[in-house]
Amino acid sequence: MKNTNKYLMALFAAAVVTFGCNRQPAPDGNADTDTVAEEMPHKITYPTYSGGDSCKAYVVNISLTLPESEGDAVVESIRSQLLYLMGASSAATDPQALVNRQVQQKKIELSEMSAELTDDMEEYEEEYFRQMYHSLELAHMSTNSCFMTFVLHGYDYGGGAHGMSGLSYLVFDMTTGKQISEKDLTTNKSAITNLLRTTAMREYKRNNPEFEVFEVDNITANGNFFITPDSLIYQYGEYEIAAYCYGRPTLRLNKKDVKPYINPESTAYKYWFGEN
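Residues numbered from 1 in each chain as written. Predicted model: local features only at pLDDT ≥ 70, side-chain atom pairs only at ≥ 80, totals over all residues. Heavy atoms only, no water.

Student: Can you walk me through the overall build of the protein in this structure?
Tutor: Broken down by element type, the protein carries seven helices and eight strands. In the structure as shown, the protein presents an accessible area of about 13,700 Å², 49% of it carried by carbon and sulfur atoms. (Helix = DSSP H or I, 4+ residues; strand = E, 2+ residues; numbered from the N terminus. Areas by Shrake-Rupley, 256 points an atom, 1.4 Å probe, with all protein chains shown as cover.)

Encoded structure:
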């Protein structure tokens, strides 16, 4: 899975006016994680639905975390969008039934793949014939009065030297319930891309002296980002900008550097710099 993006939202507005778009320190002191439970007008819970199975031929694990908040239209909108993202046919789909169905489908797929490899086992070196594996997890990352962020983590192995994994971030605007895109966030995507290239070739390489990108032009603002109190962080997949041995690189842009290119009407601008 080269890019997990394959696996691949104004009732609350009055509350934001009241509470503002503020940050609170996380309980563990992590500066990159926000929590504002005391600010939210409705209690939000995050139940997880999971399923899996394993045998000699395969391992399957699927996990889905969704937000729930009775009476909060924005949270329910985000929940519906996440359900659709994960393959639900409607917002009323039972999450556990959805997970169970996907586990069964993946078991059949991996069983067939394993059988094909077994039939042709003589053509493969032993190290390239291992248990098939599929893992997909949608997890809650953070919530504050500005954003609710989820991360989709997948891993697949279907034979060969190694499997493929990926991370995709989903950032939702708590004023509208809409997933935030680069079009919403920035007024100059090309400038953001140039900052990312500079970061990769200077700051990132400074901390990782052996780091080599395939081509500088491969580094673009790819839409896979999340927002912290002081940064805009982009996530890249395996092989997307560098060799597999470098994993999934992240490039961090300081909010001060991106300020000229952030839409002044966006929630991110208000979050970082206050009202424009």
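We are not done yet, so read on.
Student: Would you mind going over the pairing of strand S4 (residues 147–157) with me for this structure?
Tutor: The two faces of a sheet get side chains in turn, since along a regular strand they alternate between them. Burial within S4 is extensive, with nine of its eleven residues counted as buried. Here strand S3 (residues 132–143) folds back onto S4, and the loop between the two strands holds three residues. A loop of six residues connects S4 with strand S5 (residues 164–173), the two strands running antiparallel in sequence, and Gly-159 in this loop sits at a positive phi of about 105 degrees. (Buried < 20%, exposed > 50% of the residue type's maximum accessible area, 1.4 Å probe, protein only. Pairing = 2+ DSSP bridges.)

Student: Looking at this structure, how should I read unusual backbone geometry?
Tutor: One can expect most non-glycine residues to show negative phi and most peptide bonds to be in trans. A positive phi is found at Tyr-239, a non-glycine position, where the angle reads about 70 degrees. By the secondary structure assignment, Tyr-239 is in the loop between strand S7 (231–235) and strand S8 (250–254). Given a relative accessible area of 33%, Tyr-239 falls into the partly exposed group.

Student: Where do I start with the nonpolar core in this structure?
Tutor: Considering soluble globular proteins, one finds that nonpolar side chains tend to be buried as a cluster. Formed by 32 residues in total, the largest nonpolar core has its most connected members in Phe-147, Leu-185, Leu-196, Ile-219, Ile-227, Tyr-234 and Trp-272. Secondary-structure elements contributing two or more residues to this core are S4, S5, helix H5 (189–207), strand S6 (225–227), S7, S8 and helix H7 (267–273). Residues within four places of Leu-196 in sequence aside, it is in contact with Ile-219, Thr-220, Ala-221, Tyr-234, Tyr-236, Leu-251 and Leu-253. Formed by 29 residues, the second largest nonpolar core is a distinct cluster that contains Leu-82, Leu-83, Met-86 and Leu-117. (Core = buried A, V, L, I, M, F, W, Y, C linked by side-chain atoms within 4.5 Å. Contact = heavy atoms within 4.5 Å.)

Student: For this particular structure, what's the right way to read the packing of aromatic side chains?
Tutor: Aromatic rings considered in pairs are described by the distance between their centres and by the relative angle of their planes. By the definition in use, this model includes seven aromatic pairs. Centroid distance Tyr-133 to Tyr-155: 5.6 Å. Interplanar angle 70 degrees. Geometry classified as edge-to-face. On the criterion of sequence distance, the pair formed by Tyr-133 in strand S3 and Tyr-155 in strand S4 is long-range, its members being 22 residues apart. One residue, Lys-259, lies across the ring of Phe-273, its end atom 4.8 Å from the ring centre. (Phe/Tyr/Trp six-rings, centres within 6.5 Å; stacked < 30°, edge-to-face > 60°. Lys NZ or Arg CZ within 6 Å of the ring centre and 35° of its normal.)

Student: Teacher, can you tell me more about the pattern of salt bridges here?
Tutor: Side chains bearing opposite charge may pair, as long as their charged atoms lie close to each other. In total, this model carries six salt bridges according to the counting rule given. Between Glu-182 and Lys-189 there is a salt bridge; the shortest N-O distance is 3.3 Å. (Salt bridge = Lys/Arg side-chain N within 4 Å of Asp/Glu carboxyl O.)

Student: I would appreciate a short explanation of the sheet that holds S6 in the present structure.
Tutor: Strands pair in a sheet through their backbones, by hydrogen bonds, and they do so in one of two ways: parallel or antiparallel. With antiparallel pairing, three strands are arranged side by side in an open sheet as S6-S7-S8. Looking along the sheet, the strands with just one partner apiece sit at the ends: S6 and S8. Shown here is a sheet whose adjacent strand axes are inclined to one another by a mean of 20 degrees, direction ignored. (Axes fitted to C-alpha atoms, helices over the stretch in contact; angles between N-to-C directions.)

Shape descriptors only; they carry no functional weight alone.
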